[in-house]
Amino acid sequence: MPVLTAKILGSFINEIPRVFQALKQQLLASLDDIPRWVETRDLLLNPNSCLQIFSAPNSFAVWLEQDAIGAIIGTPTEPLGGISHCDEILAFNNNYQMLANLLPTHLCEHANIYQQSGEVGKSTHSVRSLTLHDIEPLAQSNNALFAELQWALFHGAPAFAALHHEQVVAFAYASAQSEHYWDMSIDTLAEHRQQGFACAAARALINAMNEQGKQGVWGALDSNEASNQLALKLGYQLVDELWLFSAQ
């Protein structure tokens, strides 16, 4: 009897990943592939993401523990689980107010969602695909940016850099992807900002993703005026909004 019980238990445990992935597919089917859901769909498509299903209809949380980022869909009434420990949590117009009470240690900020519209033209500075070798100098001068870009490259994210006298000074990579859309993360070394380098790296990445048949999405906090202006400069149009809860 103990041997039979062990076999049954082992079989059940082996089935958990398959059932878990099937549940994620059901949740993906409940969300249209539109700009609002790019990050959420990216999380659901990740085999390593975690889930919490709430009792309210169409309500769940999905997050990646190693990246400390997640999204909450719907209107949870139960206490939040592991997602409450994430550094960044996405919320939406039907739940951000109630989540403020469930996430008292997080700062809530409004963000604009832009969608690519039309061609962006060619880069005005020299650009190239970003490599691990390119970011090695950042390990000493800007470790946070180094870690972010290293993560992106290790996970195969498309990434480009803009150059100034052969020095890599601006970076753009696809931080999230759904079936038809992708979201951009971008940064420029402080001493090279406001010189068009970020725009050059972004244009190179946009053109590369266009060749894959994917349309760009851009998220920018209200407080980041430079990011909002760059989105408009690149021809993106405001289409939606979300809220970002950041750990304090």
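The following paragraphs examine the structure supplied in this document. Along each chain, numbering runs from 1 in the same order as the chain's sequence is written. Residue-level local features of this predicted model are given only where pLDDT is at least 70; pairs of side-chain atoms are given and counted only at 80 or more, and the full residue set underlies all totals for whole chains, interfaces and linings. No hydrogens and no water enter the side-chain calculation; it runs on all heavy atoms of the structure.

1. Here we look at the pattern of salt bridges
By convention in these notes, a salt bridge is any Lys or Arg side-chain nitrogen within 4 Å of a carboxyl oxygen on Asp or Glu. Under the counting rule described, the total for this entry stands at five salt bridges. Linking Arg 41 and Asp 33 is a salt bridge whose minimum nitrogen-to-oxygen distance equals 3.9 Å. Each member of the pair, Arg 41 together with Asp 33, is buried. Between Arg 36 and Asp 240 there is a salt bridge whose closest N-O contact spans 2.9 Å. Of this pair, Arg 36 sits in the loop between α1 (2-29) and α2 (38-45) while Asp 240 sits in strand β11 (residues 236-247); the two residues are 204 residues apart in sequence, bridging distant segments of the chain. Just as Arg 36 is buried, Asp 240 falls in that class too. Categorising residues by exposure relies on relative accessible area from a 1.4 Å probe, with only protein chains included: less than 20% of the type maximum marks a residue as buried, more than 50% marks it as exposed, and the intermediate range marks it as partly exposed. Secondary structure elements are defined from DSSP: runs of H or I of at least 4 residues count as helices, runs of E of at least 2 residues count as strands, and each element is numbered from the N terminus.

2. Focus: the pairing of strand β4 (residues 88-91)
A strand pair is defined by DSSP finding two or more bridges across the two strands. In this structure, strand β3 (residues 69-73) lies alongside β4, joined through three bridges in parallel fashion. When the sheet's bridge partners are listed, Ala 71 is paired in β4 with Leu 90. Note that β4 and β11 share four bridges and pair antiparallel. By the bridge assignment, Ile 89 is partnered in β11 with Phe 245.

3. Thoughts on the sheet that holds strand β9 (residues 181-188)
Strand order across the open sheet formed by eleven strands is β1-β2-β3-β4-β11-β5-β10-β9-β8-β7-β6, with mixed pairing between neighbours. Strands with a single pairing partner mark the edges of an open sheet, and in this sheet they are β1 (50-53) and β6 (127-129). Across the sheet, the mean angle separating the axes of adjacent strands is 30° when strand polarity is ignored. Contacts are residue-level and defined by heavy atoms, with any inter-residue pair within 4.5 Å sufficient. To get an axis, fit a line to the C-alpha atoms, keeping to the stretch in contact for a helix; angles then go from 0 to 180 degrees between the N-to-C directions. Its contacts with the sheet put helix α7 (residues 197-211) on β5 (106-116), β6, β7 (159-164), β8 (167-177), β9 and β11, and the angle it makes with β8 is roughly 40°.

4. Digging into the side chain of Arg 41
Tracing the backbone shows Arg 41 in helix α2. Once residues within four sequence positions are removed from consideration, Arg 41 is found in contact with Leu 28, Leu 31, Asp 32, Asp 33, Ser 178 and Glu 179.

5. Focus on the packing of aromatic side chains
Two aromatic rings from Phe, Tyr or Trp, using only the six-membered ring of Trp, form a pair when their centres are within 6.5 Å; if the ring planes differ by under 30 degrees the pair is stacked, by over 60 it is edge-to-face, and anything between is tilted. As enumerated under the stated definition, the model contains three aromatic pairs in all. On the numbers, 3.9 Å between centres and 5° between planes, the contact of Tyr 96 with Trp 243 is stacked. Taken together, the residues span a long stretch of sequence, with Tyr 96 in helix α3 (residues 96-102) and Trp 243 in strand β11 at a distance of 147 residues. On the accessibility criterion, Trp 243 (9% relative accessible area) is buried. Look at Trp 218 and Tyr 236: their rings are 5.6 Å apart centre to centre, the planes differ by 65°, and that puts the pair in the edge-to-face class. Of this pair, Trp 218 sits in strand β10 (residues 215-221) while Tyr 236 sits in strand β11; the two residues are 18 residues apart in sequence, bridging distant segments of the chain. Geometrically, a charge over a ring is one whose NZ (Lys) or CZ (Arg) sits within 6 Å of the ring centre while staying within 35 degrees of the ring normal. One Lys or Arg, Arg 36, reaches over the ring of Trp 37 and ends 5.7 Å from the middle of that ring.

Take it as geometry only, folks, not as evidence of what the structure does.
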